[in-house]
Amino acid sequence: MNVTFTEKALVKINEKFNGNDNKWLKIKYDTEGCGCVVSGVSALWITPEKEEDDIVVESNVEGLLMEKSKLVFFDEDMTVDFVDSPNSFMLKCPSQILNPRMSLRVVGG
């Protein structure tokens, strides 16, 4: 799996990190409030800890995490961009847009 972040996306993400190198960036398959595990939505999380199911995936962002058990919901090659008009991130692959309005959430302490 390879995830590429555009320059625009990296700028917006770095604004949220506030220079804190003790946190991880994660692409989360969030199922909270969706009803079941196959009805989730992708989101970006900045989190202080790596969870048991997390793996580091290939990316131009060092230490990008994804949940190993949720990789089936994603494509092999993806791009994360930032789009000004909805003021949100977009997760896409060569064949489709996976999430046109992906949020960035800071979790934990």
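This text follows the structure it describes.
Residues numbered from 1 in each chain as written. Predicted model: local features only at pLDDT ≥ 70, side-chain atom pairs only at ≥ 80, totals over all residues. Heavy atoms only, no water.

### What to know about the overall build of the chain
Secondary structure summary: the chain contains one helix and ten strands in total. Along the chain, helices and strands appear, N-terminal first, in the series β-α-β-β-β-β-β-β-β-β-β. Across the 109 residues in the chain, those meeting the buried criterion constitute 39%. Sequence-distant contacts in the chain: of pairs separated by 6 or more residues, those separated by 24 or more amount to 54%. Accessible area for the chain stands at about 6300 Å²; split by element, carbon and sulfur atoms hold 46% of it. (Helix = DSSP H or I, 4+ residues; strand = E, 2+ residues; numbered from the N terminus. Buried < 20%, exposed > 50% of the residue type's maximum accessible area, 1.4 Å probe, protein only. Contact = heavy atoms within 4.5 Å. Areas by Shrake-Rupley, 256 points an atom, 1.4 Å probe, with all protein chains shown as cover.)

### Concerning the layout of surface pockets
Approximately 180 Å³ is the volume found for the largest pocket. Within the residue set of the lining of the largest pocket, elements represented by two or more residues are helix 1 (7-17) and strand 2 (24-30). Sorting elements by how many residues they give to the lining of the largest pocket places helix 1 first, with four residues. Split by residue class, the lining of the largest pocket holds six nonpolar, two polar and two charged. (1 Å grid on protein atoms, 1.4 Å probe; cavity = no way out; pocket = protein on both sides within 12 Å on 5 of 7 lines; lining within 4 Å. Points joined across faces, edges and corners; volume = space filled by probe spheres on them. Nonpolar A, V, L, I, M, F, W, Y, C, P; charged D, E, K, R; others polar.)

### What to know about the sheet that holds strand 3 (residues 41-47)
Within the open sheet, the five strands sit side by side as 4-6-2-3-10. Their pairing is mixed. Edge positions in the open sheet fall to strand 4 (54-56) and strand 10 (104-106), since each of these has one partner strand only. For this sheet, the mean angle separating the axes of adjacent strands, direction not counted, is 35°. In this sheet, strand 6 (residues 65-67) lies alongside strand 2 in parallel orientation, the contact comprising two bridges. When the bridges of strand 6 are listed, Lys26 appears paired with Leu65. With respect to the sheet, helix 1 is in contact with strand 2, strand 3 and strand 10, its orientation differing from that of strand 3 by roughly 45°. (Pairing = 2+ DSSP bridges. Axes fitted to C-alpha atoms, helices over the stretch in contact; angles between N-to-C directions.)

### Concerning the side chain of Lys26
With respect to the element layout, Lys26 can be found in strand 2. On the basis of relative accessibility, which here comes to 1%, the residue Lys26 falls in the buried class. Side-chain polar atoms of Lys26 contact the side chain of Asp54, separated by 3.0 Å. (Polar contact = N/O pair within 3.5 Å; in protein donor to acceptor, adjacent residues only side chain to side chain.)

### Some words on the environment of Glu7
With respect to the helices, strands and loops of the structure, Glu7 is situated in helix 1. In the structure, Glu7 is positioned 73 residues away from Val80 in sequence and 9.6 Å away in space, judged by C-alpha atoms.

### Quick word on the pairing of strand 8 (residues 88-93)
The two faces of the sheet receive side chains in turn, since in a regular strand these alternate between them. Burial of strand 8 is extensive: five of the six residues sit out of reach of the surface. In the sheet, strand 7 (residues 77-83) pairs with strand 8 via five bridges, with the strands oriented antiparallel. Residue Phe82 lies in a different strand from strand 8, and its bridge partner there is Phe89. The turn joining strand 7 and strand 8, which pair antiparallel and follow one another in sequence, is formed by four residues; a positive phi near 55° is taken by Asn87. Counting the residues between successive antiparallel strands, the hairpin from strand 8 to strand 9 (residues 96-102) contains two residues.

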